[in-house]
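Secondary and tertiary structure notes
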Amino acid sequence: MATFLRTWSYRFPQLYNSISFLASLSVGGEKRFHFLPLEGLSLPSECKILDLCCGGGQATEYLVQLSPSVTGLDASSVSLKRAVERVPTAQYVESLAEHMPFSQDTFELVHTSVALHEMDSTQLEQILREVYRVLAPGGQFVLLDLHRPTNPLFWPPLALFMLLFETKTAWQLINTDLSQILKSVGFREIQQKLHAGGSLQVIQSRK
Ligand SMILES: C[S@@+](CC[C@H](N)C(=O)[O-])C[C@H]1O[C@@H](n2cnc3c(N)ncnc32)[C@H](O)[C@@H]1O
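Notes on the structure follow. (Residues numbered from 1 in each chain as written. Predicted model: local features only at pLDDT ≥ 70, side-chain atom pairs only at ≥ 80, totals over all residues. Heavy atoms only, no water.)

Glancing now at the packing of helix H6 (residues 121–134) against helix H9 (residues 178–185). Following both chains from N to C, one finds H6 and H9 inclined at 50°, their axes separated by 10 Å at the closest point. Comparing the axis directions of H6 and H9 gives the class oblique. In this structure, H6 crosses over H9, and the sense of that crossing is right-handed. Here Leu124, Glu125, Leu128, Arg129 and Tyr132 of H6 lie close against H9, whose contacting residues are Leu178, Ile181, Leu182 and Val185. (Axes fitted to C-alpha atoms, helices over the stretch in contact; angles between N-to-C directions. Helix = DSSP H or I, 4+ residues; strand = E, 2+ residues; numbered from the N terminus. Parallel < 35°, antiparallel > 145°, perpendicular 65-115°, else oblique. Left-handed = near helix turned anticlockwise from the far one by under 90°. Contact = heavy atoms within 4.5 Å.)

Laid out in structure tokens, this is it:
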């Protein structure tokens, strides 16, 4: 599955950004898209935030509006270079999400958007355990990612997008109960909200 468009979307940021922009229209635009996981959170003004799998800083740009202490982590040095250019005020770390170079209890908020669908099931569980480890007690984990549409009208655009750009891990994710895994890892106060006909999910949870 997936096509050359997947490679191109990572090679040419304008293509990635155009796809993201089109996807965000389903929820009212990019600003709203990136603020969806943050809705209703009350955070201390200097809280330490981790943007996990930050890519080119698409969401980091919004997180730095919440706190001066934002770290973006990604496995790709190319993406991190773009993130530094886009959001120079954040700190960046090149690392795998499944083995993060942070002490336990480091962050008050861990955020990740449209990245978990790139992980296989073993990685996914390792990453969620790592997120739990690096979060301070009471800290919050918020995520935005793909979900199985509840409105049938959203199946054709989602399926087309996934066939062109994604691999089998995205199909696995939309058949995965993320809330259940979060619960098994130890997270509590798990709240899932669906958007865009159910094709996007936001989950907020707490350590
Ligand atoms: C689709 S992009 C999402 C970027 C950004 N968060 C956004 O909202 O557009 C997924 C990112 O996850 C990163 N990634 C994939 N697997 C990873 C891993 N195991 N550890 C860290 N980063 C990873 C990729 O390098 C890529 O930048």
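The strand order S3-S2-S1-S4-S5-S7-S6 describes an open sheet built from seven strands, whose pairing is mixed. Sheet topology places strand S3 (91–94) and strand S6 (188–195) at the edges, where each strand pairs with a single neighbour. Each adjacent strand pair in this sheet contributes to an overall mean axis angle of 15°, direction not counted. For strand S1 (residues 49–52) and strand S2 (residues 70–74), the ladder comprises four bridges, and the chain directions are parallel. (Pairing = 2+ DSSP bridges.)

All right, on to the site of the ligand then. Neighbouring the ligand are 20 residues; Tyr16, Asp74, Ala97, Glu98 and Ser113 lie closest to it. Here cysteine 53 contributes a backbone N or O atom positioned 2.9 Å from a nitrogen atom of the ligand. Between glutamate 98 and the ligand, the recorded distance is 2.9 Å, taken from a side-chain N or O atom to a nitrogen atom. When the residues that make up the shell around the ligand are grouped by side-chain class, the tally is 10 nonpolar, seven polar and three charged. (Near = heavy atom within 4 Å. Polar contact = N/O pair within 3.5 Å; in protein donor to acceptor, adjacent residues only side chain to side chain. Nonpolar A, V, L, I, M, F, W, Y, C, P; charged D, E, K, R; others polar.)

Summed over all chains, the structure comprises five aromatic pairs. A ring pair is formed by tyrosine 132 and phenylalanine 187, whose centres lie 5.1 Å apart and whose planes are at 85°; its orientation type is edge-to-face. Here tyrosine 132, found in helix H6, pairs with phenylalanine 187, found in the loop between H9 and S6; they are 55 residues apart in sequence, far enough to count as distant. Here the aromatic rings of phenylalanine 161 and phenylalanine 165 are separated by 5.5 Å at their centres, their planes lie at 25°, and the arrangement is stacked. Pair noted here: phenylalanine 161 and phenylalanine 165 are both in helix H7 (residues 155–165), with a separation of four residues, about one helical turn. A residue is classified by how much of its surface remains accessible, and phenylalanine 161, at 24% relative accessible area, is partly exposed. Joined through ring pairs, the aromatic side chains of Tyr132, Phe141 and Phe187 make up one cluster. In this structure, lysine 207 is placed above the aromatic ring of tyrosine 132, and the distance from its NZ or CZ to the ring centre is 5.1 Å. (Phe/Tyr/Trp six-rings, centres within 6.5 Å; stacked < 30°, edge-to-face > 60°. Buried < 20%, exposed > 50% of the residue type's maximum accessible area, 1.4 Å probe, protein only. Lys NZ or Arg CZ within 6 Å of the ring centre and 35° of its normal.)

What follows covers the packing of helix H1 (residues 4–11) against helix H2 (residues 13–25). Across the interface, H1 lies against H2 with an axial gap of 5 Å and an inter-helix angle of 105°. Judged by the inter-axis angle, H1 sits roughly perpendicular to H2. Packed against H1, whose contacting residues are Leu5, Trp8, Ser9, Tyr10 and Arg11, the element H2 presents Pro13, Leu15 and Tyr16 at the interface. For the contact of H1 with H2, the per-class residue count stands at six nonpolar, one polar and one charged.

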